[in-house]
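Listed below, chain by chain, are the residues.
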Amino acid sequence: MKLPTDHPNALVRRLFSFWAPTTQSLRGWAMASVVVNAGIAVTGAGVRVTGSGLGCPTWPKCTPDSFIPVAHPEVSMLNMLVEFGNRLVTFLVLAVGAACVIAAWRMAPRRRSLVRLALLQPAGVLAQALWGGLVVNTMLNPFTVGMHFLISTGLIAACWMLYARAGEGDGPARRVVHRDVRRLGRALLAAVFALLVAGVVVSGTGPHSGDEMASRFDLDIEAVARVHADVAYIVVGLSFALLFALHVTGSTRAARRAALALFAVVLLQGVIGYTQYFLAVPAALVLLHVLGSTLVWIATLRVVTSLRTREPLPAPAHSPTEAPAAV
């Protein structure tokens, strides 16, 4: 019987490559998971800036009587469709995560490290779905909304690590740059995460709450915006320092290219951030800024994983006194 992986159509073979995986196809599914998890973070922001956060006022149903959008006297159908559409994206994220698990499980030889990383994806999607119910039930409390985004960044990190580890061995991590340069990379990773947290606080304090009934953090928006900008300056400085250090120490080309890409994305994100601030935070720029945040995070993960590598585990040694098995 002909399997889908033997299909003459290249697209069909790629779609079913999780069933007969190679290192390349597993990395492809891991990268697809990075993309869809970043995508749902952006569509979630779209729900917020269109005021559709309570478009489906109940969870897991869209309305008290239906799982799908139906006419409701108190909710706009457009808002309902936007929120419901974001919920549907969850199934795409889950499907790609399941493909990663199957591919990691069926790899020959099977690598436990990859299976564990892959299993984080469906587990994370389930956690996100349950947390989404909490977001609705708390009427878009800014803390629960912000955590929704931060959980997505954690999932993106797990997906990226699956992508990176699938192209490496399972031996101990070995740095490919100077020790202090790798420490600088870790400091940059921590600073970028702090920047994401600061951005969440700004979002929870400013406009675009997702619904007019949603609460906001009781903070001064000017103050939290300045803190966010200060952390952004630290990230810019660390990004430039890492880029400079990698060039003067003659590090690998992959690390230098990753650092250059990160520096460019960080600068572009800064331009978007200041533009939206001076234009009174228009919705379209908020979406671009959230997309930029996910790209900065992914680019940072790429830089950090380019600073080390892992060799394959050595084959188990056989005792010289061990007799060959009888045939």
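To be clear, the structure that these remarks concern was listed above.
In this report, the structure presented in the accompanying data block is examined. Here, residues in each chain are numbered from 1, in the same order as that chain's written sequence. A pLDDT threshold of at least 70 governs which residues receive local features in this predicted model, and a stricter bar of 80 or more applies before side-chain atom pairs are shown or counted, although totals over entire chains, interfaces and linings include all residues. Values shown for side chains rest on all heavy atoms present in the structure; no hydrogens or waters enter the calculation.

On to the side chain of Arg165, then. Relative to the helices and strands, Arg165 is located in helix α5 (residues 142-166). Pairs of N or O atoms are called polar contacts if they sit within 3.5 Å, as long as, within protein, a hydrogen donor faces a hydrogen acceptor (for residues adjacent in sequence, only side-chain-to-side-chain pairs). Engagement of the side chain of Arg165 in a polar contact is seen with the side chain of Asp170, the distance being 2.9 Å. Beyond its immediate sequence surroundings of up to four residues, Arg165 is in contact with Arg111, Ser113, Leu114, Leu117, Asp170, Arg308 and Arg310. Secondary structure elements follow DSSP: runs of H or I of four or more residues count as helices, runs of E of two or more count as strands, with numbering from the N terminus. In what follows, a contact means two residues having at least one pair of non-hydrogen atoms within 4.5 Å.

Another point: a nonpolar patch on the surface. On the surface, Tyr233, Tyr274, Tyr277 and Phe278 cluster together to form a nonpolar patch covering roughly 490 Å² of accessible area. Considering each element in turn, the nonpolar patch owes the most residues, three residues, to helix α8 (residues 253-278). Relative to the helices and strands, Tyr277 resides in helix α8. Patch membership needs two things, relative accessible area over 30% and no salt bridge, and members are linked within 9 Å if like-charged or within 5 Å if nonpolar (Val, Leu, Ile, Met, Phe, Trp, Tyr). Note on areas: Shrake-Rupley, 1.4 Å probe, and residue coverage restricted to the protein chains presented here. One side-chain nitrogen of Lys or Arg within 4 Å of one carboxyl oxygen of Asp or Glu is enough to make a salt bridge.

The next thing to look at is the packing of α8 against helix α9 (residues 283-306). Running from N to C, α8 and α9 point in directions that differ by 160°, and their axes come no closer than 9 Å. By the angle class used here, α8 and α9 are roughly antiparallel. Crossing of α8 against α9: the hand is left-handed. In this analysis, axes come from line fits to C-alpha atoms, helices being fitted only over the stretch in contact, and the angle between any two N-to-C directions falls in the range 0 to 180 degrees. Here the word oblique covers every angle except those under 35 degrees (roughly parallel), over 145 (roughly antiparallel) and from 65 to 115 (roughly perpendicular). Rotating anticlockwise by less than a right angle from the far helix to the near helix defines a left-handed crossing, while the corresponding clockwise rotation defines a right-handed one.

On to the environment of Glu222, then. One can find Glu222 in helix α7 (residues 221-248). Sequence separation of Glu222 and Thr205 is 17 residues, and the distance between their C-alpha atoms is 9.7 Å. Polar contacts involving the side chain of Glu222 include one to the side chain of Tyr277, which spans 2.8 Å.

Looking along the chain, the bond that leaves Trp59 and enters Pro60 is cis, with omega of 5°. Of note, Pro60 is situated in the loop between α2 (23-49) and α3 (77-106). A cis amide bond links Ala108 to the next residue, Pro109, at an omega of -5°. Mapped onto the elements of the fold, Pro109 is located in the loop between α3 and α4 (112-137). You will see that Leu140, though not glycine, has its phi angle at about 60°, which is positive. Considering the arrangement of structural elements, one finds Leu140 in the loop between α4 and α5. The phi dihedral of Ala280 is positive, around 65°, even though this residue is not glycine. Looking at the secondary structure, you find Ala280 in the loop between α8 and α9.

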